[in-house]
Amino acid sequence: MADNLSDTLKKLKITAVDRTEDSLEGCLDCLLQALAQNNMETSEKIQGSGILQLFASLLIPQSPCTAKVANIIAEVAKNEFMRIPCVDAGLISPLVQLLNSKDQEVLLQTGRALGNICYDSHSLQAQLINMGVIPTLVKLLGIHCQNAALTEMCLVAFGNLAELESSKEQFASTNIAEELVKLFRKQIEHDKREMIFEVLAPLAENDAIKLQLVEAGLVECLLEIVQQKVDSDKEDDIAELKTASDLMVLLLLGDESMQKLFEGGKGNVFQRVLSWIPSNNHQLQLAGALAIANFARNDGNCIHMVDNGIVEKLTDLLDRHVEDGNVTVQHAALSALRNLAIPVVNKAKMLSAGVTEAVLKFLKSEMPPVQFKLLGTLRMLIDAQAEAAEQLGKNVKLVERLVEWCEAKDHAGVMGESNRLLSALIRHSKSKDVIKTIVQSGGIKHLVTMATSEHVIMQNEALVALALIAALELGTAEKDLESTKLVQILHKLLADERSAPEIKYNSMVLICALMGSESLHKEVQDLAFLDVVSKLRSHENKSVAQQASLTEQRLTVES
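As annotated in an unreviewed UniProt entry, the chain carries the name Rap1 GTPase-GDP dissociation stimulator 1 and comes from Molossus molossus.

Next up, the structure:
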């Protein structure tokens, strides 16, 4: 065989120049046969023979040999070591030109060749995108949708190219959404649908394409799949149900596509998604709760949903998952409740619907994503709700758990949210009892640490909470404030030019409040605050300048 192959390659070199079609075709057939028998060895021989360079000149639209040449390139490019030689031989450009051919066999082999050469190479795939292959392939999909092999080739290409961010804009300017949905509707086989899903998922990450897919009717197809597969226990059906419901949630991440499907809360899609929440299928419960969390991304939708009983559905769902529950469902339901609690008018309604009680059942959770959403939900609920903040702030179990989570160094999100909730309980309740509970549970040191956070909003929340503690319960908190070196931290914040105006302002308010303690007052005197404060009298921010004057007077009188 080796001798035959060498002869074939020599002959091919001559016939490629002479263009004797019959001999050329015979050589190509021999090569294809050799590749079928031993692809790697034959590919090495082809590379060594220098024949690749000739292939570029053989890739001409009208030649009867073109499909075979493209087929050979597709076969050799299955080997990783042959891909760069194919690029160096200048094969990409003539192959891209061939995508305009009307010959279905040429199109199929050309698509395979390009796919194999560019497999796993983002830079080569980006080159194809720049050469405009996306609109060409989308057009091919529309024209040759009856040809299963060509359709599959296009889908594989789309799947690879859609992973690249640079492709999304080009895809959005074609009618890819329409073509894929049309194709999807006709598919009965699981494998074929799976292939289309693999293209849809990366494309649906783009907001413009999300909307196009919604307008092309993809959602109706997905809802149909859910309905067909929901009661099946076949592995393929379960996988398809998951893919369809996940994709549905992904489509709701775009603002326009989400609003289009919400239709003022009267839309068929919204109603169907609502029916998923009480279902017994965990995947549907999860998708339903995530969908509600996505619908709850604007105040109008949130208010409508709360007025129409969504809270009860979500708290019932949470109740079903308290004991050994499904963590993803817990997380999704809490996400939805957190978003729904953002509009001011919803807070009191949700509190009276028993949301805090439902959420507090998850205090014992050891899962950081659940802890994070639980904290966020409670923080949203008590915003400007003094009574609720006081009730929660006196809950010793909750406060102790918060103090514990404030030390969750491995989970920055949980740590940050715990600190913020601790501060919020004080700021919104302004209650002495809440402060006492927090002091007794060891929460002061965390609020002082929070005042040094890199996030201005958290620093500020901490300073306001500490000022309330100093104003309402200085005696109770005095020792803790001393041991945490609060006065030194405030001196640093005031002296630092990078501190935001509100940080400077609240630091001075806090200094004045601390003067009521003898030991803290002494610390303030020892650190020469007067110098720092008097400089701030000429600060460009009027509130800071005014507070500096007041603080200076206070320090002078009490020195």
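Moving on, there is more to tell.
Chemist: Please set out the pattern of salt bridges residue by residue, giving values where relevant.
Modeler: Counted under the stated rule, the structure contains 24 salt bridges. The partner of Asp207 in a salt bridge is Lys210, with the nearest N and O atoms 3.1 Å apart. Of this pair, Asp207 and Lys210 are both found in helix H15 (residues 207–215), 3 residues apart, which corresponds to roughly one turn of the helix. On the basis of relative accessibility, which here comes to 3%, the residue Lys210 falls in the buried class. One salt bridge connects Glu404 with Arg401, and the closest N-O pair in it is separated by 2.7 Å. Here Arg401 and Glu404 lie together in helix H28 (residues 396–405), a separation of 3 residues that amounts to about one turn. Taking the relative accessible area as the measure of exposure, Glu404 reaches 46% and is therefore partly exposed. Members of the salt-bridge network, linked through shared partners, are Glu25, Asp29 and Lys68.

Chemist: I'd like a rundown of the UniProt feature "repeat: ARM" (unreviewed entry) in the chain, residues and numbers included.
Modeler: Here, UniProt's "repeat: ARM" (unreviewed entry) annotation points to residues 90–132 and 309–341. A distance of 17 Å separates the end C-alpha atoms of residues 90–132, which is 70% helix and 0% strand. The straight-line gap between the two end C-alpha atoms of residues 309–341 is 14 Å; of that span, 76% is helix and 0% is strand.

Chemist: Tell me about the nonpolar core, residues and numbers included.
Modeler: Counting 201 residues, the largest nonpolar core has Phe55 and Ile292 as its most contacted members. Setting aside its immediate chain neighbours within four residues, Ile292 contacts Phe270, Val273, Leu274, Ile277, Met305, Ile310, Leu314, Ala336 and Leu340.

Chemist: Which residues make up the packing of aromatic side chains, and what are the values?
Modeler: Two measures describe an aromatic ring pair: the distance that separates the ring centres and the angle between the ring planes. Inspection of the entire model under this criterion finds 5 aromatic pairs. Taking the centre distance of 5.6 Å and the plane angle of 75 degrees together, the rings of Phe158 and Phe171 count as edge-to-face. Taken together, the residues span a long stretch of sequence, with Phe158 in helix H11 (residues 148–161) and Phe171 in helix H12 (residues 165–172) at a distance of 13 residues. Comparing Phe158 with Phe171 shows no difference in burial state: the two are buried. With 4.8 Å between their ring centres and 65 degrees between their planes, Phe262 and Phe270 make a pair best called edge-to-face. The pair formed by Phe262 and Phe270 is uniform in burial state, with each residue classed as buried. Taken together through their ring pairs, the aromatic side chains of Phe262, Phe270 and Phe295 make up a single cluster.

Chemist: Please provide a residue-by-residue account of H12, values included.
Modeler: The periodicity of an α-helix, 3.6 residues per turn, causes residues three or four positions apart to be oriented the same way. Of all the positions in H12, only Ser167, Lys168, Phe171 and Ala172 are classed as buried. Projected down its long axis, H12 shows its buried positions confined to an angular sector of 130 degrees, all on one face.

About the cut-offs
- Residues numbered from 1 in each chain as written.
- Predicted model: local features only at pLDDT ≥ 70, side-chain atom pairs only at ≥ 80, totals over all residues.
- Heavy atoms only, no water.
- Salt bridge = Lys/Arg side-chain N within 4 Å of Asp/Glu carboxyl O.
- Helix = DSSP H or I, 4+ residues; strand = E, 2+ residues; numbered from the N terminus.
- Buried < 20%, exposed > 50% of the residue type's maximum accessible area, 1.4 Å probe, protein only.
- UniProt positions renumbered as here; feature names shortened; annotations may be inferred.
- Core = buried A, V, L, I, M, F, W, Y, C linked by side-chain atoms within 4.5 Å.
- Contact = heavy atoms within 4.5 Å.
- Phe/Tyr/Trp six-rings, centres within 6.5 Å; stacked < 30°, edge-to-face > 60°.
- Arc of directions from axis to C-beta.

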